[in-house]
Amino acid sequence: GENVEQHPSTLSVQEGDSAVIKCTYSDSASNYFPWYKQELGKGPQLIIDIRSNVGEKKDQRIAVTLNKTAKHFSLHITETQPEDSAVYFCAALGRGGATNKLIFGTGTLLAVQP
Amino acid sequence: DTAVSQTPKYLVTQMGNDKSIKCEQNLGHDTMYWYKQDSKKFLKIMFSYNNKELIINETVPNRFSPKSPDKAHLNLHINSLELGDSAVYFCASSQTGDYGYTFGSGTRLTVV
């Protein structure tokens, strides 16, 4: 079945440094790749997404890159701040019979040290 | 103004009991989902409804029964609760053609 692998599982950076989280997916038909941020006690929140016809997308300090040939995509956060500390999930849209479903990676706990 | 709201936020119950979790969205989306997040934070889809019709039913024990009275509501009923059902359950919604999901804040279920 569809599978999304995510690395690293934990990441600790100093405030102001960059953070990179990487994911690989198995379903070559996947065409939508969102990233979610989950803060403690809250639900996942969409922070950025990319579709398969685009190689890179940027929104202020966050960017996502996609390599369809290699079936991997990455989240880049620059100038990290303590409020960026959270669990980040990548996901890929997989086929669920007649419809689509998001398959999530296993999450990355990002800790930004002041 | 909450877009996707779940009730209750916390649920503590004994093994063998039956419980329900309710979800409502005011975004006008036509598709709703239930996801389960285990203790290791892994998010796994359980069910999906599109315009009140069940379209995704993953390998979930039949003790779990979703119900969608209309496209703005999706409830989850769980019979004969087991210790392994303890988890955080998230409701989400999306609109056909726009893949972004909006999640609720979750229901933490603890079975003792």
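Residue positions within a chain follow its written sequence, with the count starting from 1. Chain labels run from A onward and ligand labels from 1 onward, assigned in the order the entries are written. The model is predicted, so local features are restricted to residues of pLDDT at least 70 and side-chain atom pairs to those at 80 or more, both for listing and for counting; the totals for chains, interfaces and linings are taken over all residues. The side-chain numbers reported here are obtained from all heavy atoms of the structure, hydrogens and water having been left aside.

Chemist: Is there a simple way to think about the overall build of chain B in this case?
Modeler: Under the DSSP-based scheme used, a helix requires at least four consecutive residues in state H or I and a strand at least two consecutive residues in state E, with every element numbered from the N terminus. Broken down by element type, chain B carries zero helices and eleven strands. Along chain B, helices (α) and strands (β) appear in the sequence β-β-β-β-β-β-β-β-β-β-β when read from the amino end. The C-alpha radius of gyration computed for chain B amounts to 13 Å, which stays within 12% of the reference 13 Å derived for 112 residues, consistent with globular compactness. Counting only C-alpha atoms, chain B reaches 40 × 25 × 25 Å along its principal axes. Throughout, radius of gyration means the C-alpha value; the globule benchmark is 2.2 Å times the number of residues raised to the power 0.38.

Chemist: Please clarify how the pairing of strand β2 (residues 10-14) of chain A should be interpreted in this entry.
Modeler: Side-chain direction in a regular strand flips from residue to residue, so the side chains alternate between the two faces of the sheet. All names here are of chain A. When a residue's accessible area, from a 1.4 Å probe over protein chains only, is under 20% of the maximum for its type it is buried; when over 50% it is exposed; and in between it is partly exposed. Alternating residues of β2 divide into Leu11 and Val13, all buried, and Thr10, Ser12 and Gln14, none buried. Bridge analysis of β2 against strand β11 (residues 108-113) gives five bridges, and the strand direction is parallel. In the strand pairing of β11, Ser12 is matched with Ala111. One requirement defines pairing of two strands: DSSP has to find at least two bridges between them.

Chemist: Help me understand the interface of chain B and chain A in this model?
Modeler: Note on interface size: it is often stated as the accessible area lost on association of the parts. Whether two residues are in contact is decided by their heavy atoms: any pair within 4.5 Å suffices. Across the boundary between the two partners, chain B contributes 20 residues, which contact 20 residues of chain A. The buried area of a pairing is the accessible area, by a 1.4 Å probe, that goes missing from both parts when the two are put together, added over both. Summing the contributions of chain B and of chain A, the shared interface buries around 1600 Å²; its carbon and sulfur component is 60%. When residues of chain B are sorted by the area they lose upon contact with chain A, Leu43, Tyr99 and Tyr101 of chain B head the list and together hold 36% of the total. For the salt bridge of Lys101 of chain A with Glu58 of chain B, the shortest nitrogen-to-oxygen distance reads 2.8 Å. Pairs of N or O atoms are called polar contacts if they sit within 3.5 Å, as long as, within protein, a hydrogen donor faces a hydrogen acceptor (for residues adjacent in sequence, only side-chain-to-side-chain pairs). Seen at the junction of chain B and chain A, the total is six residue pairs in polar contact (both at pLDDT 80 or more). When contributions to the side of chain B that touches chain A are tallied by element, the ones reaching two or more residues are β4 (31-37), β5 (43-50), β6 (53-57) and β10 (98-103) of chain B. Think of a salt bridge as a Lys or Arg side-chain nitrogen and an Asp or Glu carboxyl oxygen that are within 4 Å of each other.

Chemist: I keep staring at the nonpolar core and nothing clicks. Help me out?
Modeler: All names here are of chain A. Among the nonpolar cores identified, the biggest contains 24 residues, and Trp35, Phe73 and Leu110 are the most heavily contacted of them. Taken together, the elements giving at least two residues each to this core come down to β2, β3 (19-25), β4 (32-38), β5 (45-51), β7 (62-67), β8 (72-77), β9 (86-96) and β11. Beyond its immediate sequence surroundings of up to four residues, Leu110 is in contact with Leu11, Val13, Ala19, Ile77, Asp84, Ser85, Ala86 and Tyr88. Residues belong to one nonpolar core when they are buried, are Ala, Val, Leu, Ile, Met, Phe, Trp, Tyr or Cys, and are joined through side-chain atoms within 4.5 Å.

Chemist: Help me out: how do you make sense of the environment of Ile56 of chain B in this one?
Modeler: Residue and element names in this part refer to chain B. Along the chain, Ile56 turns up in strand β6. Given the relative accessible area of 2%, Ile56 is considered buried. On a C-alpha basis, the gap between Ile56 and Trp34 in space is 9.9 Å, while along the polypeptide they are 22 residues apart.

Chemist: Which parts of the structure should I look at to understand the sheet that holds β7 of chain A?
Modeler: Each strand in a sheet pairs with another by means of backbone hydrogen bonds, the pair being arranged parallel or else antiparallel. Residues and elements named next belong to chain A. Ordered in space as β1-β3-β8-β7-β6, the five strands form an open sheet in which the pairing is antiparallel. The outermost strands of the open sheet, each flanked by one partner alone, are β1 (4-7) and β6 (56-59). Within the sheet, the average angular offset between the axes of one strand and its neighbour, ignoring direction, is 15 degrees. As a rule, the C-alpha atoms of each element are fitted with a line to give its axis, helices using only the stretch in contact, and angles between N-to-C directions run from 0 to 180 degrees.

Chemist: Sorry, what's going on with unusual backbone geometry here?
Modeler: Among all residues save glycine, negative phi is the norm, and among peptide bonds the norm is trans. A cis amide bond links His7 of chain A to the next residue, Pro8 of chain A, at an omega of -5 degrees. Considering the arrangement of structural elements, one finds Pro8 of chain A in the loop between β1 and β2. Residue Thr7 of chain B is joined to Pro8 of chain B through a cis peptide bond whose omega torsion reads -5 degrees. Summarising the element assignment, Pro8 of chain B is placed in the loop between β1 (4-7) and β2 (10-13).

Chemist: It is not clear to me how the pairing of strand β11 (residues 107-111) of chain B should be interpreted in this structure. Could you clarify?
Modeler: All names here are of chain B. On β11, burial follows the alternation: Thr107, Leu109 and Val111 on one face are buried, whereas Arg108 and Thr110 on the facing-out side are not. Sheet topology note: the β2/β11 ladder contains four bridges and is parallel. Bridging from a neighbouring strand, Thr13 pairs with Val111 of β11. Relative to β11, strand β9 (residues 87-95) runs antiparallel, the two sharing three bridges. Residue pairing for β11: Tyr89 is matched across the bridge by Thr107.

Chemist: I tried to follow the sheet that holds strand β7 (residues 64-70) of chain B on my own but got confused; where do I start?
Modeler: All names here are of chain B. Taken together, the four strands give an open sheet; going across it, the order is β1-β3-β8-β7, and neighbouring strands pair in antiparallel fashion. One side of each edge strand has no neighbouring strand; the edge strands of this open sheet are β1 and β7. Here the strands of the sheet are splayed against their neighbours by 20 degrees on average, with no regard to which way each runs. Sheet topology places strand β3 (residues 19-25) next to strand β8 (residues 73-78); four bridges connect them, and they run antiparallel. Pairing of Glu24 across the sheet is with His73, part of β8.

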